[in-house]
Amino acid sequence: MYFESLSDFFAMGGYAAYVWGSFAITFFAMLALYVSSARRTGALLDEVKAKVDRQARIDAAKNMENTL
């Protein structure tokens, strides 16, 4: 679509509220999805690290039992 000026572009032929509102809703939804995914990834990595550390402690305890 061709616009005569920058203000015509931002006005979007009288539909600016719908067009820019849709862009804003989409942007914030994508931002919320990104933040949620980043937090979940961090939590999962912490959980995996805790399980690995726990398994290392269990293995170390088993090795101590065998030395007595």
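Quick caveat, the model's predicted, so the values are computed rather than measured.

The next thing to look at is unusual backbone geometry. Non-glycine residue Met-12 carries a positive phi angle of around 50°. Looking at the secondary structure, you find Met-12 in the loop between α1 (6-11) and α2 (16-67). Its relative accessible area of 18% is what places Met-12 among the buried residues.

Bringing the UniProt feature "transmembrane region" (unreviewed entry) in the protein chain into the picture now. As recorded in UniProt, the feature "transmembrane region" (unreviewed entry) lies at residues 15-35. Along residues 15-35 the backbone is 95% helical and 0% strand, and the end-to-end C-alpha distance reaches 30 Å.

As for its placement among the helices and strands, Asp-53 is situated in helix α2. In the structure, Asp-53 is positioned 16 residues away from Ser-37 in sequence and 24 Å away in space, judged by C-alpha atoms.

What follows deals with the pattern of salt bridges. Pairing between side chains becomes possible if they bear opposite charge and their charged atoms approach one another. Summed over the entire model, instances satisfying the criterion amount to two salt bridges. Among the ionic pairs, Lys-51 bridges to Glu-47, the shortest N-O distance being 3.6 Å. Highlighted residues: Lys-51 and Glu-47, both in helix α2, separated by four residues, approximately one helical turn. Put simply, Lys-49 and Asp-53 hold a salt bridge, and the shortest N to O gap is 3.2 Å. Here Asp-53 and Lys-49 lie together in helix α2, a separation of four residues that amounts to about one turn. In this structure Lys-49 comes out as exposed when scored by relative accessible area, which is 52%.

Rules used in this analysis
Just so you know, the residues in each chain are numbered from 1, in the order the chain's sequence is written. The predicted origin of the model limits local features to residues at a pLDDT of at least 70 and limits the giving and counting of side-chain atom pairs to 80 or more, whereas totals for whole chains, interfaces and linings rest on all residues. Side-chain numbers come from the whole structure's heavy atoms, not from hydrogens or water. Every helix listed is a DSSP run of H or I at least four residues long, and every strand listed is a run of E at least two residues long, numbered separately from the N terminus. For every residue, the accessible area (1.4 Å probe, protein chains only) is compared with the maximum for its type, and the residue is labelled buried under 20%, exposed over 50%, or partly exposed between those bounds. UniProt positions are given in the numbering used here, feature names are shortened, and annotations may be inferred rather than shown by experiment. Salt bridge, as used here, is a side-chain nitrogen of Lys or Arg placed within 4 Å of a carboxyl oxygen of Asp or Glu.

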